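Working through the structure, step by step
For reference, the chains in residue letters:
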Amino acid sequence: MGTRRPTPAERERAWMKRALALARRGWGQTVPNPMVGAVVVRAGRIVGEGYHARFGSAHAEVVALAKAGAKARGATVFVTLEPCAHWGKTPPCTDALIAAGVARVVCAVRDPGGHSGGGARKLRRAGIVVEFGLEAEAARELNAAFFFVHTAPGRPWVTLKIALSADGAVARRGKRRATITAAAANREVHRMRAQSDAIAIGIGTALADDPDLTVRLVRLPRVPPVRVVFDRRSRLPLKSRLVASAMRVPTVVVAAAKAPRRELKLFRKGVEVLHARTLGRALQLLVRHDVRALLVEAGPGMAKAFLAARVVDRIVIFRAPRRLGAGAIAAFDNASFLDRFRVVARHRFGPDVMTVYDPRARMT
């Protein structure tokens, strides 16, 4: 018996998945624009493909059409986001599609932007068939922060990241940070940082670990993420790594109480201090500082505060096989609460397993 040939619907899904894979190549480089991929198909074959490589560069559809050349005429274009119909850093993608003579455009999702959306309407006026919905969930997840700020402005998209030992701990009591995950998982954390506008920790983590909070193990992002320390009384040490590098990498302290003398010393080192008595207010201030995607590398206190305030959009748990033993600091009073949430993704990185939960969607 021969191998079963894929159905037309299966082939179209595969082409959209290829477009999504291409889009991911723009990771960390397109902000504040979304990552977008495009595939041009004619007579059942890919004749051109492309992705948005960097903010200000040609969009995915234009790159794919250029590679397709004359073969784009009468073709179908699979694109992960509705083509833009406005002039920005580049001309409208709709104009390029119309000029190329494509017959059909299949979009995973609509563009939620008020100034950039409306591309489908323009394409249809030109006689091009436009369809939506293929791999829509994956496309929204890829650019979750982009969609969130357009549909629910007022705070950033918040991802809570925690590394857990096999016995549910984050650190040994009374000691400096214990390395829990292996190299592959650590690289994935840095990849997450590269697609974030800001990385946040609590003052407890800052004092115990003295971290850099920079992107180091993967391709550097176009714009380095802001380092944010939730520090009620502005206790961040002036000799810490964060303060020492604040002139090079933007660093923010979020304080509840004003401490003018201390804040002046931090300011002279390049640290900006924001005042917020509540977590909700702090997130409002951060989004005004162009923080759309916030990665919270949380200790137990920060995790509890963010979850209690219901401002977490994704929980990313890295589970390692090693144990920290009796007396170690537990991340949660009872980690079984995670089982109530929908699992968005699960991947293995070496010996460690990463699970992504949606705390807004409870399992039934």
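Structural notes, computed from the coordinates. (Residues numbered from 1 in each chain as written. Predicted model: local features only at pLDDT ≥ 70, side-chain atom pairs only at ≥ 80, totals over all residues. Heavy atoms only, no water.)

Points about the layout of surface pockets
The cut-off we apply is this: Cavities and pockets were defined on a 1 Å grid built over protein atoms only: a cavity is a set of grid points that admits a 1.4 Å probe from which the probe cannot escape, a pocket is an open set flanked by protein on both sides within 12 Å along at least five of seven lines, and lining residues are those with an atom within 4 Å of any such point. Grid points are joined across faces, edges and corners, and a volume is the space filled by probe spheres set on the points. Secondary structure elements are taken from DSSP: a helix is a run of H or I of four residues or more, a strand is a run of E of two residues or more, and numbering for both begins at the N terminus.
Taken as a whole, the second largest pocket spans an internal volume of roughly 940 Å³. Surrounding the second largest pocket, 36 residues form its lining, W27, E141, L142, R191 and Q195 being those nearest its centre. For the lining of the second largest pocket, the secondary-structure elements that each account for two or more residues are α5 (136-142), α6 (144-151), β6 (157-164), α7 (183-194), β12 (293-297), β13 (314-319), β15 (341-349) and β16 (352-362). Ranked by residue count, the leading element in the lining of the second largest pocket is β15, at five residues.

Points about the sheet that holds strand β8 (residues 198-202)
Note the threshold: Two strands make a pair as long as DSSP finds a minimum of two bridges between them. Axis definition: a line fit to C-alpha positions, over the contact stretch in the case of helices; interaxial angles, taken between N-to-C directions, run 0 to 180 degrees. We call two residues in contact whenever any of their non-hydrogen atoms come within 4.5 Å of each other.
With mixed pairing, nine strands are arranged side by side in an open sheet as β11-β10-β9-β8-β12-β6-β13-β16-β15. At either end of the open sheet lies a strand with only one pairing partner, and these are β11 (271-275) and β15. The mean angle between the axes of side-by-side strands here comes to 20°, regardless of whether they run parallel or antiparallel. Strand direction decides the pairing type here: β8 and strand β9 (residues 226-230), joined by five bridges, are parallel. Residue A198 lies in a different strand from β9, and its bridge partner there is V226. Contacting β6, β8, β12, β13, β15 and β16, α7 runs over the sheet at an angle of about 160° to β13.

Things to note about a positive patch on the surface
Counted only if it meets this: In this analysis, a patch consists of residues with relative accessible area above 30% that form no salt bridge, clustered at 9 Å for like charges and at 5 Å for the nonpolar side chains Val, Leu, Ile, Met, Phe, Trp and Tyr. Throughout, the Shrake-Rupley method with a 1.4 Å probe supplies accessible areas, and for residues the shown protein chains are the sole cover considered. Here a salt bridge means any side-chain nitrogen of Lys or Arg lying within 4 Å of a carboxyl oxygen belonging to Asp or Glu. Residues scored as positive are Lys and Arg, those scored as negative are Asp and Glu, and His as well as the terminal groups of each chain are ignored. Just so you know, the charge point we use is NZ for Lys, CZ for Arg, CG for Asp and CD for Glu.
Side chains of R232, R233, R235, K258 and R277 sit close together on the surface and give a patch of like positive charge. In this structure, R233 sits in the loop between β9 and α9 (241-244).

Comments concerning the pairing of β8
Our working definition: Relative accessibility thresholds used throughout: buried, under 20% of the residue-type maximum; exposed, over 50%; partly exposed, between the two (1.4 Å probe, protein chains only). Crossover handedness is defined here as right-handed if the route from the first strand over the helix to the second strand goes clockwise, with the strands pointing away from the viewer.
With five of five residues buried, β8 is to be regarded as a mostly interior element. Side chains A198, A200 and G202 of β8 all project onto a buried face; the interleaved residues I199 and I201 project onto the opposite face, where all are buried too. Tracing the backbone out of β8, into helix α8 (residues 203-209) and back to the parallel element β9 gives a crossover that is right-handed. Direction of pairing for β8 relative to β12: parallel, over a ladder of three bridges. From the neighbouring strand, I199 faces β12, where its bridge partner is L295.

Some thoughts on the environment of T251
Stated precisely, the cut-off is as follows: For the purposes of these results, a polar contact is taken to be a pair of N or O atoms within 3.5 Å, where, inside protein, one atom must be able to donate a hydrogen and its partner to accept one; residues adjacent in sequence count only when each atom of the pair is a side-chain atom.
On the secondary structure map, T251 appears in strand β10 (residues 251-255). Sequence separation between T251 and L266 is 15 residues, and the spatial gap between their C-alpha atoms is 9.9 Å. When residues no more than four places from it in sequence are discounted, the contact partners of T251 are R227, L242, A246, G270, V271 and E272. Side-chain polar atoms of T251 contact the side chain of R227, separated by 2.8 Å.

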